[in-house]
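Summary of structural features
Below are the chains, spelled out letter by letter.
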Amino acid sequence: ATFGNLSARLTDTFKNLRAKGKLSAADVDGTVREIRRALLEADVALEVVKEFTAKVRERALGDEVNRALNPAQQVVQIVNEELVGILGGEQRRLRFAKNPPTVIMLAGLQGAGKTTLAGKLAKWLRDQGHTPLLVACDLQRPNAVTQLKVVGEQAGAAVFAPHPGNTGAGEDATSGDPVRVAKDGIAEARAKQHDFVIVDTAGRLGVDAELMRQAGDIRRAIDPDEVLFVIDAMIGQDAVATARAFQESVDFTGVVLTKLDGDARGGAALSIRSLTGRPILFASTGEGLGDFEPFHPDRMASRILDLGDILTLIEQAQHAFDEEEARKAAEKLASDQFTLDDFLKQMQQLRGAGSIKKMMGMLPGMGKMKDQLENFDEREIVHTEAIIQSMTPAERGNPKILNGSRRLRIAKGSGMTVTDVNSLVSRFEQAAKMMKTVARGGVPQIPGMGPV
Ligand code: GDP
């Protein structure tokens, strides 16, 4: 896979750290050097690598203390967070125009995957009930218009293409005027009430002044809501120059990475956001129209950091709790003293350990667990706190006395519903059961996360 090598390199680096109880400055420096080498080998742009490693180093040496994680895990967590950062942080969604149609223009080198992307976007929009119109402004490449018609048909979307007569180009469409075709296409979308227009433009094999000028002309003529720069993740270091050239001449509002299914080193994917300041909106992962998804920086980072080794994961999950507290809790449980206060403390610890999702993002391979985490809402911890804090000490110590009227009072006091209170109590009971397993020396589950 695209990041296979990078993943392997980073995993090795982290493995070397795992045995250490404490990290010296020399350990951190060594790790940072290895991360730097791994990123450079993956073709990540030098300036991006420098900034990235400087941040990781500073944070790893800093006094950012996280008692729930061991030193190696802390480094992984920092690297994960910084990776999410260079990939853009939050997901950036497609912008919709206030007054339809929303106009999306595609730009990029020939072969980047623009025409294919036009079909993918059209299908994706159609699946959400939109009515996109594809406009064929790639009048350079022989067959581009035909190819767009084919993908349009596959996606079930209409295609606007110049035909002899309306371009003044005669039989040979490739000599038509792409600016005019773009404008006519948008007029057509208005007339036929399409709510999206996807404008496919011409690319060349290399950056070239004429191509840039044409794309710039189209952009000025149609003033799109989004200009998506389509870039092949396999092009390696050339990505920098290409992205810069497009940014200067056409500029763009977002990036689409294609061919992430390939075997290339994928440095473009990791460099582009930092180099251009533009967010990555979508990722293409194959030739089929369905091989396409909105881009999530956090998911990509966890994919890259896949540590693979399941045993490691369990080991890490076991250490995710503050061991001291866990031991106390287990002791209490053994003597049947595990209370709602302890439960709350454990949940708060989880939050103290940073975002649960982020933490679990470090434990790939946890499949089922991860799916659940996708649905896990950290607000739940806040709600749990509110409910438990509305209980009397007696109730916290012995939840068995929570009858109907007490539950109603607690619900009112915490601003939650009785159903919420009931669900918390049953989750507590489950957690108590899990704690019993721990006390008997089993593998702990994380309490408070709902039924497994
Ligand atoms: P354009 O010149 O920018 O319009 O590029 P095309 O859409 O014609 O794509 C060029 C080639 O790349 C075609 O053979 C596509 O099937 C292929 N392609 C496009 N996107 C992907 C992708 O995400 N993965 C793979 N493996 N191939 C892709």
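The structure we're discussing is the one just above.
A few points on the structure. The shown structure was predicted, so the numbers you read here are calculated from the model rather than taken from an experiment.

Comments concerning helix α9 (residues 238-249)
Between its first and last C-alpha atoms α9 spans 17 Å; for twelve residues at 1.5 Å apiece the expected length is 16 Å, and the two agree. Turning to α9, its buried residues number three or more, namely A239, V240, T242, A243 and F246. Buried residues in α9 make contact with β1 (102-107), β5 (226-232) and α10 (267-276). Of the residues trailing α9, D251 is marked for its positive phi of about 60 degrees.

Here we look at the nonpolar core
One finds L134, V135, A136, I198, V199 and I231 to be the most contacted residues of the largest nonpolar core, which totals 98 residues. For this core, the leading source of residues is helix α4 (residues 71-86), giving seven residues. Mapped onto the domain boundaries, this core takes at least three residues apiece from domain 1 (4-86) and domain 2 (102-295). In contact with V135, other than residues within four places in its own chain, are F160, V181, A182, G185, V197, I198, V199 and D200. Formed by eleven residues, the second largest nonpolar core is a distinct cluster that contains F343, L344, M391 and V421.

Comments concerning the packing of α4 against helix α11 (residues 297-304)
The N-to-C vectors of α4 and α11 enclose an angle of 135 degrees; their axes lie 8 Å apart at closest approach. By the angle between their axes, α4 is oblique relative to α11. Crossing handedness for the pair α4 and α11: right-handed. Mapping the contact onto sequence places N80, L83 and V84 in α4 and P297, D298, A301 and I304 in α11. The residue makeup of the contact of α4 with α11, split by class, is five nonpolar, one polar and one charged.

Structural notes on the environment of L17
With respect to the element layout, L17 can be found in helix α1 (residues 4-18). In sequence terms L17 and G30 are 13 residues apart; their C-alpha atoms lie 9.9 Å from each other. In this view, L17 contacts L23, D27, T31, P71, A72 and V75; residues no more than four positions away in its chain are not counted.

Comments concerning the pairing of strand β2 (residues 132-137)
In terms of burial, β2 is largely enclosed, as six of its six residues are buried. Taking every second residue as pointing to the same face, both faces of β2 are buried, with P132, L134 and A136 on one and L133, V135 and C137 on the other. Of the pairings in the sheet, the one linking β2 to strand β3 (residues 158-160) comprises three bridges and is parallel in character. Across the sheet, the residue bridging to L133 is A158, located in β3.

Structural notes on the pairing of strand β4 (residues 196-201)
Counting buried positions along β4 gives six out of six residues, so the element sits mostly inside the fold. Covered by surrounding structure in β4 are F196, I198 and D200 together with V197, V199 and T201, the residues of both alternating faces. Across five bridges, β1 lies against β4 in parallel orientation. Of the residues in β4, the one forming a bridge with I104 is I198. When β2 meets β4, the two strands line up parallel, connected through six bridges. Bridging from a neighbouring strand, C137 pairs with T201 of β4.

Brief notes about the site of the ligand
Looking at the ligand, there are 18 residues lining it, with G113, K114, T115, T116 and S284 nearest. Looking at the shell around the ligand, the element that brings in the most residues is helix α5 (residues 114-127), giving three residues. For the shell around the ligand, the residue count by class is one nonpolar, twelve polar and five charged.

A closer look at the sheet that holds strand β8 (residues 292-294)
Pairing in this open sheet of eight strands is mixed, and the strands run β3-β2-β4-β1-β5-β6-β7-β8 from one edge to the other. Looking along the sheet, the strands with just one partner apiece sit at the ends: β3 and β8. Adjacent strand axes in the sheet meet at a mean angle of 25 degrees when their direction is disregarded. Across the sheet, α5 touches β1, β2, β4, β5, β6 (254-258), β7 (280-284) and β8, and the angle it forms with β4 is around 170 degrees. Relative to the sheet, α9 contacts β1 and β5, its axis offset from that of β5 by approximately 160 degrees.

Cut-offs applied
Residues numbered from 1 in each chain as written. Predicted model: local features only at pLDDT ≥ 70, side-chain atom pairs only at ≥ 80, totals over all residues. Helix = DSSP H or I, 4+ residues; strand = E, 2+ residues; numbered from the N terminus. Expected span 1.5 Å × (residues − 1). Buried ≥ 20, exposed ≤ 12 C-beta atoms within 10 Å, placed from the backbone. Contact = placed C-beta atoms within 7 Å. Core = buried A, V, L, I, M, F, W, Y, C linked by C-beta atoms within 7 Å. Domains from an automatic or database assignment. Axes fitted to C-alpha atoms, helices over the stretch in contact; angles between N-to-C directions. Parallel < 35°, antiparallel > 145°, perpendicular 65-115°, else oblique. Left-handed = near helix turned anticlockwise from the far one by under 90°. Nonpolar A, V, L, I, M, F, W, Y, C, P; charged D, E, K, R; others polar. Pairing = 2+ DSSP bridges. Near = placed C-beta within 6 Å.

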